[in-house]
Amino acid sequence: MRNYDIVIVGGGPAGLAAAVSARQSGIESIIILERDKELGGILNQCIHNGFGLHTFKEELTGPEYADRFIAQVRELKIEYKLNTMVLDIGQDKTVTAMNREDGMFEIQAKAVILAMGCRERPRGALNIPGYRPAGIYSAGTAQRLVNMEGYMPGREVVILGSGDIGLIMARRMTLEGAKVKVVAELMPYSGGLKRNIVQCLDDYGIPLKLSHTVVDITGKERVEGVTLAQVDEKNKPIPGTEEFYSCDTLLLSVGLIPENEISRGMGVTINPVTSGPKVNESLETNLEGVFACGNVLHVHDLVDFVSEEASAAGRNAAAYVKGTSVADAAPEAEICLNPTAGVRYTVPSTIRRARMEDNLTVRFRVGGVYKNCFVSVYFDDERVIHRKRQVLAPGEMEEVKLTKEQLLQYPKLEQITFKIEEE
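In this report, the structure presented in the accompanying data block is examined. Source: prediction; values computed, not measured.

Reading the values: rules and limits
- Residues numbered from 1 in each chain as written.
- Predicted model: local features only at pLDDT ≥ 70, side-chain atom pairs only at ≥ 80, totals over all residues.
- Heavy atoms only, no water.
- Helix = DSSP H or I, 4+ residues; strand = E, 2+ residues; numbered from the N terminus.
- Buried < 20%, exposed > 50% of the residue type's maximum accessible area, 1.4 Å probe, protein only.
- Patch = residues over 30% accessible without salt bridge, like charges linked within 9 Å, V, L, I, M, F, W, Y side chains within 5 Å.
- Areas by Shrake-Rupley, 256 points an atom, 1.4 Å probe, with all protein chains shown as cover.
- Salt bridge = Lys/Arg side-chain N within 4 Å of Asp/Glu carboxyl O.
- Core = buried A, V, L, I, M, F, W, Y, C linked by side-chain atoms within 4.5 Å.
- Contact = heavy atoms within 4.5 Å.
- Pairing = 2+ DSSP bridges.
- Axes fitted to C-alpha atoms, helices over the stretch in contact; angles between N-to-C directions.
- Left-handed = near helix turned anticlockwise from the far one by under 90°.
- Nonpolar A, V, L, I, M, F, W, Y, C, P; charged D, E, K, R; others polar.
- Parallel < 35°, antiparallel > 145°, perpendicular 65-115°, else oblique.

The omega torsion across V347 and P348 is 5°, close enough to zero to call that bond cis. Along the chain, the position of P348 falls in the loop between β21 (343-347) and β22 (350-351). Backbone geometry places K77, a non-glycine residue, at a positive phi of 55°. Within the element layout of this structure, K77 appears in the loop between α2 (62-75) and β5 (79-81). You can call K77 exposed: its relative accessible area is 69%. One non-glycine residue, A341, lies in the positive phi region at around 45°. Examined against the element boundaries, A341 turns out to sit in the loop between β20 (335-339) and β21.

Following this line, the structure appears as structure tokens:
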């Protein structure tokens, strides 16, 4: 049994930023466990630019952004193991993992940071009728094939789902010489960032069909075409609206799911809306000393926010190991954050005033498209924030900053409510 102060599960952008932050907070004994053959996670296959504008104040590609953090990890001599699969974590923070060199081994941690990222929702979750021919890929798999393995998935492409990876792959496949015929989206709005719709679809003349879905896949050995249909308010296909598109490839960009099998197994409480852990102001789960950050907590749209959140998790884990987070904090009732009226969830879910930093960023997503509305925050029944917004959409993560000073002015505060209010 080996002993470490902090074990970080995952060596992607969240794990790297958390490790750097924990080391800078004075913790020497840190190890990152990464199942892939290199650090950097999903960023390694994201060769487009647009990363790092917040963190480094310059535009970088995914691999360049990852390399900045990998260089810091090496410079700070933070230990990491690659090709290492974490199998189980006990409630006592015993981590069971395995790799080829060490076989199966155990690590006793004082604190654990969960940074496993997320995975794509597969075809099986969609109930699309038809055979199961070759040529159906998740957008992320196609991205890896094109950008890292050097394979071309197909020549005539239909994309289902307008998440950011799907939009980016529409542009990528076009640049590689494929014909992207259409991007279909079940919802009446796109799930991706506005800039990606403009740069990846509009600039290349690729049509986006909202409120449409795939109702049939043609082809036995290989995809020969797909049938799209318009859907009604209940997302049911409308008879008579079917359109056939001949193609040899169908890419699915139908949502991301946080990788929380290990979290569930160890008894972490999961938020049913985000499919990620419920956390407090320190990004700590219901298990003391177990923290979560990045896409395993909730799916982000910008990696800069992942790094910012992970740095906070690293600092808070370091404070927990040193005992400073508990020493200065008297027991107190938690303040519940209540998402309602268009706000789907908040991260964190609860706040303890004594343990929060001077400034706390609360992140959330909305459940629909809102125009000319207000983001309002209520402390119990008193409205304290009322911010005008031109447009709110589910594809863009929103944030509200709360200060410790602000919360201390309400000593009997029990609940903070977040809502979207119309004019």
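For E405, the location among the structural elements is in helix α9 (residues 404-408). On the basis of relative accessibility, which here comes to 60%, the residue E405 falls in the exposed class. For E405 and G10, which are 395 residues apart along the polypeptide, the C-alpha to C-alpha distance reads 35 Å.

The next subject is a nonpolar patch on the surface. A contiguous nonpolar surface patch, about 370 Å² in accessible area, is contributed by M85, L87, M98 and M104. Inspection of the secondary structure assignment puts L87 in strand β6 (residues 85-89).

A separate point is the nonpolar core. Residues I6, I8 and I89 are the most contacted members of the largest nonpolar core, which totals 66 residues. Here the element with the most residues in this core is helix α7 (residues 303-322); it accounts for nine residues. Apart from residues lying up to four places away in sequence, I6 is in contact with A22, I27, S29, I30, I31, A111, I113, A317, A318 and V321. With 23 residues, the next largest nonpolar core counts F364, Y370, I385 and F418 among its residues.

A separate point is the environment of E414. Take E414: it is sitting in the loop between α9 and β27 (415-421). When the C-alpha positions of E414 and G117 are compared, they lie 32 Å apart, and in sequence the two are 297 residues distant.

On to the pattern of salt bridges. In this structure the tally under the stated criterion is 20 salt bridges. Close ionic contact of K110 with D5 constitutes a salt bridge, the shortest N to O distance being 3.3 Å. Placement of the pair is K110 in strand β8 (residues 103-114) and D5 in strand β1 (residues 2-9), with a sequence separation of 105 residues. Overall, K110 belongs to the partly exposed group, its relative accessible area being 47%. For R365, the salt bridge is made with D301, and the minimal N-O distance between the two is 3.8 Å.

This part takes up the pairing of strand β17 (residues 249-252). Residue alternation in β17 divides its side chains into two sets, T249 and L251 and L250 and L252, and both sets are buried. Here strand β11 (residues 156-160) pairs with β17 via four bridges, running parallel. Directly across from L160, in β17, lies its bridge partner L252.

Running from N to C, helix α3 (residues 139-149) and helix α4 (residues 164-175) point in directions that differ by 35°, and their axes come no closer than 9 Å. Judged by the sense of rotation from one axis to the other, the crossing of α3 with α4 is left-handed. Counting all contacts with α3, which are made through A139, G140, A142, Q143, V146 and N147, the residues of α4 involved are I165, G166, I168, M169, R172 and M173. Here the residues of the contact of α3 with α4 sort into seven nonpolar, four polar and one charged.

Turning to the pairing of strand β23 (residues 359-366), a few remarks are in order. With seven of eight residues buried, β23 lies mostly within the body of the structure. With four bridges connecting them, β21 and β23 associate as antiparallel partners. Following the sheet pairing, V343 is matched in β23 by V366. Summarising the sheet, β23 and strand β26 (residues 398-403) pair through six bridges and their orientation is antiparallel.

Their axes nearest at 8 Å, the elements α4 and helix α5 (residues 194-201) cross at an angle of 20°. Accordingly, the angle class assigned to the pair α4 and α5 is roughly parallel. Along this stretch, α4 crosses α5, giving a crossing that reads as left-handed. Between α4, through D164, L167, I168, A170 and R171, and α5, the contact on the second element is made entirely by N196, I197, Q199, C200 and L201. Its residues assigned to classes, the contact of α4 with α5 shows six nonpolar, two polar and two charged.

Purely spatial values, then, with no claim about function.
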